[in-house]
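Observations on the model geometry
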Amino acid sequence: MKSKATKVIIKEIRFGPQTDEHDFEFKKKHAIKFLQDGAKLKAFVFFKGRSIIFKEQGQILLLKLAQELEEFGKVEQMPKLEGKRMTMFISDRLKINTEEAKKLQTNYFYKYNTSLRGLMVHNGISPDEFLSYVHEIDLSFMKEDKIMRNELKQLDMEKFIFTNGSAEHAANILTHLGVYDLFGRDKVFDIKDAGYVPKPEAETFDLMVKKFGINPKETIYIEDIAKNLSIGHERGCTTVWLINDEHFGKMDADKDFISHKIENLSLFLKEIRLLKSN
């Protein structure tokens, strides 16, 4: 999209596929200002990990943005969609078109809880090659979360990362958020540690518990994928679902194995800290 003025400054605005209305309006105001100041605008929807299966929602969001900015500029090219690396990897390695690759990626994800597991079982894909490729993504849009960092530092409890991704990918995300130094590699249990058997498998949860030497009955287990909390509940954890609108993330969100539902992780950490201090 280009302003009706002639300046050549390029400004970028990034969205996630699940961008809510408040965030959309906030970024739209910035977009309008950029265009009124004479800049060109590039709009992106950034897909990371499993969110690529919601590509259509990203397309709808971009169309909405273009429509609402019509009076401020002219669309030169449809905004860019990022985050197709997994689909590209599957398409290239299995010699299938991208539509078939997306379908296979989604089917494996729903059946095995990670697309990687399905690719290993059925297609003999190297997990290290897969993880290295799909996690080579630009996270520059992520900003340091000073509020979360402050709450993590003040919370006098052991804290660990339990992920279906790689430790390297977790480190990349946590570094961009400005909190990786509060964890470090020794406090991350990743898909490699799990023998590539993803959450919520019981054997994987038990391996994580053993590695960290934790007592599940004294543990608060926080997840953005509701179904992954089932095994934590079985083992005695207090389970917490971080509310989100991703289809896979909210599956089983109505089940009894969820103890609490939260919308803001930093605020929840603060509440725990204040309760402990009383």
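Starting afresh in each chain, residues are numbered from 1 along the sequence in its written order. Residue-level local features of this predicted model are given only where pLDDT is at least 70; pairs of side-chain atoms are given and counted only at 80 or more, and the full residue set underlies all totals for whole chains, interfaces and linings. In computing side-chain properties, one takes all heavy atoms of the structure into account and sets aside hydrogens as well as water.

Pairing is parallel across the open sheet formed by 3 strands, whose spatial order is 8-9-10. Of all the strands in the sheet, just strand 8 (220-223) and strand 10 (260-262) have a single pairing partner and so form its edges. When the angles between neighbouring strand axes are averaged without regard to direction, this sheet yields 25°. Those strands touched by helix 12 (residues 265-277) are strand 8, strand 9 (238-242) and strand 10, and its axis lies near 170° from that of strand 8. Two strands pair under a simple rule: DSSP has to find at least two bridges between them. Helix numbering and strand numbering both begin at the N terminus, where a helix is a DSSP run of H or I of at least 4 residues and a strand a DSSP run of E of at least 2. Note on geometry: axes are lines fitted to C-alpha atoms, helical ones only across the stretch in contact, with angles between N-to-C directions running from 0 to 180 degrees. Residue contacts follow a heavy-atom distance rule, with two residues in contact if any of their heavy atoms lie within 4.5 Å.

The next thing to look at is the confidence of the model for the protein. The quantity called pLDDT is the predictor's confidence in a given residue, expressed from 0 to 100. Considering every residue of the protein, the mean pLDDT works out to 87; 88% of them sit at 70 or more. Segment residues 79-83: pLDDT under 50, and 19 contacts once partners within four positions in sequence are set aside and those in other chains are kept.

At a minimum axis separation of 8 Å, helix 3 (residues 85-94) and helix 4 (residues 98-112) run at an interaxial angle of 110°. Classed by the angle they form, the pair helix 3 and helix 4 counts as roughly perpendicular. Crossing of helix 3 over helix 4 shows right-handed handedness. The residues of helix 4 that touch helix 3, namely those facing Met86, Thr87, Ile90, Ser91 and Leu94, are Thr98, Ala101, Lys102, Leu104 and Gln105. Orientation is classified from the angle alone, with under 35 degrees giving roughly parallel, over 145 giving roughly antiparallel, 65 to 115 giving roughly perpendicular, and any other angle giving oblique. Handedness of each helix crossing follows the sense of rotation of the near helix against the far helix: counterclockwise by less than a right angle gives left-handed, clockwise gives right-handed.

Take the nonpolar core next. In terms of nonpolar packing, the biggest core is built from 20 residues, with Leu152, Val179 and Phe183 touching the most fellow members. Sorting the residues of this core by element identifies helix 7 (146-154), helix 8 (167-177) and helix 12 as the ones contributing at least two each. For this core, the leading source of residues is helix 8, giving 5 residues. In this structure, Leu152 is in contact with Lys159, Val179, Leu182, Phe183 and Leu269, ignoring residues within four places of it in sequence. Here the nonpolar core consists of buried residues drawn from Ala, Val, Leu, Ile, Met, Phe, Trp, Tyr and Cys, with membership extended through side-chain atoms lying within 4.5 Å. Exposure classes here rest on a 1.4 Å probe applied to the protein chains alone. A residue is buried below 20% of its type maximum, exposed above 50%, and partly exposed in between.

Regarding helix 3, the residues found buried are Met86, Thr87, Phe89, Ile90 and Ser91. Buried residues in helix 3 make contact with helix 4, helix 5 (115-123) and helix 6 (127-134). Looking one or two residues past helix 3, Lys95 carries a phi angle of roughly 55°, positive in sign.

What follows deals with the side chain of His169. Topologically, His169 is positioned in helix 8. Taking the relative accessible area as the measure of exposure, His169 reaches 13% and is therefore buried. With residues near it in sequence (within four places) discarded, His169 still touches His135 and Ile137.

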